[in-house]
Amino acid sequence: MPSLKLRRDSKRRVLHTGESVRANGKYQFKYVVNGKAKFLYSWRLTPSDPQPAGKLPCVSLRELEKSVNRDLESRLDPSYRNLTVNELVERYLKTRTGVRESTRIGYNFVRNLLKNEEFGDRKMCEVKTSDAKLFLIKLQSDGRGSSTIKTVRGVLRPAFQMAVDDDLLMKNPFGFELVGVIYNTEKTRLAITREQMNKFLKFIHDDNIYCKYYEAIYILFHTGMRISEFCGLTLKDIDLENRIIDINHQVQRFRSGKYDICPTKTSAGTRKLPMTEEVYQMFKSLVENRPTDLPEVIVKGYAGFLIRDKDGMPEVALHWEHRFQHAVKRYNDIYKIQMPSITPHVCRHTYCSNQARARMNPKTLQYLMGHSEI
């Protein structure tokens, strides 16, 4: 029986399975992934081989083989080892279909941010947990707020988890908690006291500039609605006969100027709120005094918006953020005892706090607030 002839290189060294020497003297290693042939090349077979004259420095073929075999044994696909962070994010975002417009805008923000960062050009497989932490720390040192950093991490974390699930990585480098890595720069929106609320409402009621917003501000303080939910209310959502507010959507306007009607923030946000006598009177006044000289615009099939701007378009959160800011400043210019910052969301916090102090059933309060969790 004839003996099996061993393949050797020019130095008479035995070549391993998959190894060969090309006509130009370059070493080659062939391996297969998912039925497809892949190749590695090097001018050196072992780490001790000298670098050939006139050739660029390169890792030896045996070292390259070792890395590939380690990945194959770990069920990692080495054909993706050159995938960059930006390419991984693009791959992940392609799986995110059917998202809201606001979510899509957030994705584009993260995509553009990463394109301007060196981190985005790094190889996905080379990113360690410490690299991920240092990148987020760099973003904060560059002046990015903690909210922005959470948004960036909110894309990178699931993108790298997708790579883990696809057997491209063994561990998610963004699988850590942010606490202790960056510091929180978000302003805590606290509720104001009932006394402060009543003083502010009285000021709004009596002021010759802001009195026209009294009904709306009163409603925000006494229903706990999100401002986007309030702005999205149409005449059909206000049932004065049964004194019910039907909250089933919200309105948003993007930087492009485009208006959109979106579902409530969560499924729990779709709810029906009862009107107290005072809230009923406020809504009745808004409906009766609703301008008739403005055009009735339609946004994604919705018309008859309760609160509109001078062009007949539904008002949005930014309108009310500015009104509250200016109203508080006017109040503090008049009175010695200053009023803290008040925003539409502070109204929501205040309503929730007032109901909790009144010992409302927690599950009832959860429903009225439109929260998914108690």
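See the structure shown above.
Residues numbered from 1 in each chain as written. Predicted model: local features only at pLDDT ≥ 70, side-chain atom pairs only at ≥ 80, totals over all residues. Heavy atoms only, no water.

Caption draft 1: Structural context of the packing of helix 3 (residues 101–115) against helix 5 (residues 146–165). The contact between helix 3 and helix 5 brings their axes to 10 Å, and the two run at 90 degrees. Classified by the interaxial angle, the pair formed by helix 3 and helix 5 is roughly perpendicular. Within the contact between the two elements, helix 3 uses Y107, F109, V110, L113 and L114 and helix 5 uses T148, T151, V152, V155 and L156. Here the residues of the contact of helix 3 with helix 5 are counted per class, giving eight nonpolar, two polar and no charged. (Axes fitted to C-alpha atoms, helices over the stretch in contact; angles between N-to-C directions. Helix = DSSP H or I, 4+ residues; strand = E, 2+ residues; numbered from the N terminus. Parallel < 35°, antiparallel > 145°, perpendicular 65-115°, else oblique. Contact = heavy atoms within 4.5 Å. Nonpolar A, V, L, I, M, F, W, Y, C, P; charged D, E, K, R; others polar.)

Caption draft 2: Structural context of the sheet that holds strand 3 (residues 36–42). What the three strands build is an open sheet, ordered 1-2-3; its pairing is antiparallel. Strands with a single pairing partner mark the edges of an open sheet, and in this sheet they are strand 1 (19–21) and strand 3. In this sheet, adjacent strand axes meet at a mean angle of 30 degrees when their direction is disregarded. Across three bridges, strand 1 lies against strand 2 (residues 27–33) in antiparallel orientation. Each residue of the ladder has a partner; that of S20, found in strand 2, is Q28. (Pairing = 2+ DSSP bridges.)

Caption draft 3: Structural detail: the nonpolar core. Ranked by internal contacts, the top residues of the largest apolar core, which has 51 residues, are F200, F230, I245, F283 and W320. Among the elements that make up this core, the one with the highest residue count is helix 7 (residues 214–223) (seven residues). Every residue in contact with F230, bar those within four places of it in the chain, is listed here: A216, I219, L220, M225, I307 and W320. Residues V85, I149, A163 and L168 belong to the second largest nonpolar core, which totals 34 residues. (Core = buried A, V, L, I, M, F, W, Y, C linked by side-chain atoms within 4.5 Å. Buried < 20%, exposed > 50% of the residue type's maximum accessible area, 1.4 Å probe, protein only.)

Just geometry here; none of it tells us what the structure is for.
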